[in-house]
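Summary of the model geometry
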Amino acid sequence: MKIGIDKIGFAMPEYYLDIRDLAIARGIEPDKFTKGLLQLEMSIPPVSQDIVTLGAQAAFEILDDEDLEKIDMIIVGTESGIDQSKASAVFIHGLLDIQPFVRAIEVKEACYGATAALDFAKNHVMNNPESKVLVIASDIAKYGVKSSGESTQGAGSCAMLVSSNPRILEFNNDNVCLTRDVMDFWRPNYSQYAFVEGRFSTEQYLDCLTTTWSRFVEKSQNKLSDFSAVCLHLPYPKLGLKGLTLLLEQVEEEKKEELLARFNESILYSQRVGNIYTGSLFLSFISLLENSSVLVAGDRIGFFSYGSGAVGEFFAGELVEGFENQLYIAEHKALLENRKMLTVEEYEEIF
């Protein structure tokens, strides 16, 4: 049975901050952010917006009446939960007016949670071929005004409808997961903001990528040259580039240029939205689909998901015939272009 992503969409706040303005206000050379992080803008949520409203907005964009009747599971991956007991999926279920006979849960493992949700969704559809599962990755990344991680903040949500006979991406059954107990990033109950060991976290991200990839190659017998593109979790785009560069040592120059070109297409949205934790990998995928003119049905896409603490996963899927007809290119470009730019002072007041 073919199972995968049938629809995909995203939402972001209507406000943003130019990263160069932030750099100047903090007495930092703008190139440190624009070139050192490959970041251009970051989304700023108003006080009226949280992961529930962002998640519902992303899902509302892609769902029709038939979906609302057939969805029987909603899973939200997030590390920005609004309640220690009640799942954000329950709130979203009510906002979208989905039929009542639904399992609604929330999954947490830093930025990795939504990837686990996709696997849960795949297994559910495998056992219930007529079912549809709504998977939402929704987060608000906040480190604090004038904090070391301030420039990598962001907010947004991605929504994916998982079904049989998907119209965008068919999952391959080749997932490789890795878990190691490390303290590179954590947010205990007593703290409003996360703690992060920046250099150590970077090292863990890169080592988890290469370790998971090696195991994936061993298990699946795939090579990097078998892929048309690789999407990576993007805490900031430059880290994804560092990770991909490590993998590119294995391929010929022509293939290296091809994969780098696809990577540059996959970071265009993240450069303007910022870090959205669980949604960063899938925003990368949306950006790739909507900004590349060379992808075709049958192309194999690799995905690397990483959640600090740490869990990593590499998996793959193949684009389905007609996938380009399921995209919301004009709508997403309008979302980006119609936002209001804030001054640093306005951003700080909202924060």
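Relevant structure appears above.
Calculation rules
- Residues numbered from 1 in each chain as written.
- Predicted model: local features only at pLDDT ≥ 70, side-chain atom pairs only at ≥ 80, totals over all residues.
- Heavy atoms only, no water.
- Helix = DSSP H or I, 4+ residues; strand = E, 2+ residues; numbered from the N terminus.
- Contact = heavy atoms within 4.5 Å.
- Polar contact = N/O pair within 3.5 Å; in protein donor to acceptor, adjacent residues only side chain to side chain.
- Salt bridge = Lys/Arg side-chain N within 4 Å of Asp/Glu carboxyl O.
- Buried < 20%, exposed > 50% of the residue type's maximum accessible area, 1.4 Å probe, protein only.
- Phe/Tyr/Trp six-rings, centres within 6.5 Å; stacked < 30°, edge-to-face > 60°.
- Lys NZ or Arg CZ within 6 Å of the ring centre and 35° of its normal.
- Axes fitted to C-alpha atoms, helices over the stretch in contact; angles between N-to-C directions.
- Left-handed = near helix turned anticlockwise from the far one by under 90°.
- Nonpolar A, V, L, I, M, F, W, Y, C, P; charged D, E, K, R; others polar.
- Arc of directions from axis to C-beta.

**Side note on the environment of Lys7**
As for its position among the elements, Lys7 is in strand S1 (residues 3–11). For Lys7 and Ala159, which are 152 residues apart along the polypeptide, the C-alpha to C-alpha distance reads 8.1 Å. Not counting residues up to four positions away in its chain, the partners in contact with Lys7 are Ile62, Leu63, Asp64, Asp67, Ala159, Met160, Leu161, Arg167 and Ile168. Within polar-contact distance, the side chain of Lys7 engages the backbone oxygen of Ile62 at 3.0 Å.

**Considering the pattern of salt bridges**
As enumerated under the stated definition, the model contains 21 salt bridges in all. Put simply, Lys70 and Glu130 hold a salt bridge, and the shortest N to O gap is 3.9 Å. One end of the pair, Lys70, is in helix H4 (residues 65–70); the other, Glu130, is in the loop between helix H6 (113–127) and strand S6 (132–141), and 60 residues separate them in sequence. With a relative accessible area of 32%, Lys70 lands in the partly exposed category. Using a relative accessible area of 60% as the deciding quantity, one classes Glu130 as exposed.

**Remarks on the packing of aromatic side chains**
Overall, the coordinates contain 19 aromatic pairs when judged by the stated rule. Taking the centre distance of 6.1 Å and the plane angle of 85° together, the rings of Phe227 and Phe314 count as edge-to-face. A residue pair is termed long-range when its members are at least 10 positions apart, and Phe227 in the loop between helix H7 (198–220) and strand S12 (229–232) and Phe314 in strand S14 (residues 311–319) qualify at 87 residues. Looking at Phe227, the relative accessible area reads 0%, which means it is buried. The class of Phe314 is buried, set by a relative accessible area of 0%. For the ring pair Tyr347 and Phe351, a centre distance of 6.0 Å and an interplane angle of 75° mean the geometry is edge-to-face. Clustering of aromatic rings is evident, with ring pairs tying together Trp213, Phe216, Phe227 and Phe314. Seen from the ring of Phe91, Lys86 lies directly overhead, with NZ or CZ sitting 4.2 Å from the centre. Over the ring of Tyr16 we find Arg339, and its NZ or CZ is 4.4 Å from the ring centre.

**With respect to the packing of helix H11 (residues 280–291) against helix H12 (residues 329–337)**
H12 packs onto H11 with a crossing angle of 115° between their chain directions and a minimal axis gap of 10 Å. Along this stretch, H11 crosses H12, giving a crossing that reads as left-handed. Counted together, Ile286, Glu290 and Asn291 of H11 and Ile329, His332 and Lys333 of H12 form the full contact between these two elements. The class makeup of the residues in the contact of H11 with H12 is two nonpolar, two polar and two charged.

**Some words on helix H5 (residues 88–96)**
Every buried residue belonging to H5 is among Ser88, Ala89, Ile92, His93 and Leu96, and all of these are buried. Buried positions in H5, seen along its axis, are confined to an arc of 140° and lie on one side of it. The exposed set on the far side of H5, more than 90 degrees from its buried face, consists of Gly94 and Leu95. As for H5, its buried residues are in contact with helix H3 (51–62), H4, strand S4 (71–77), strand S5 (103–107) and S6. Of the residues one or two after H5, Asp97 is the one with positive phi, at around 60°.

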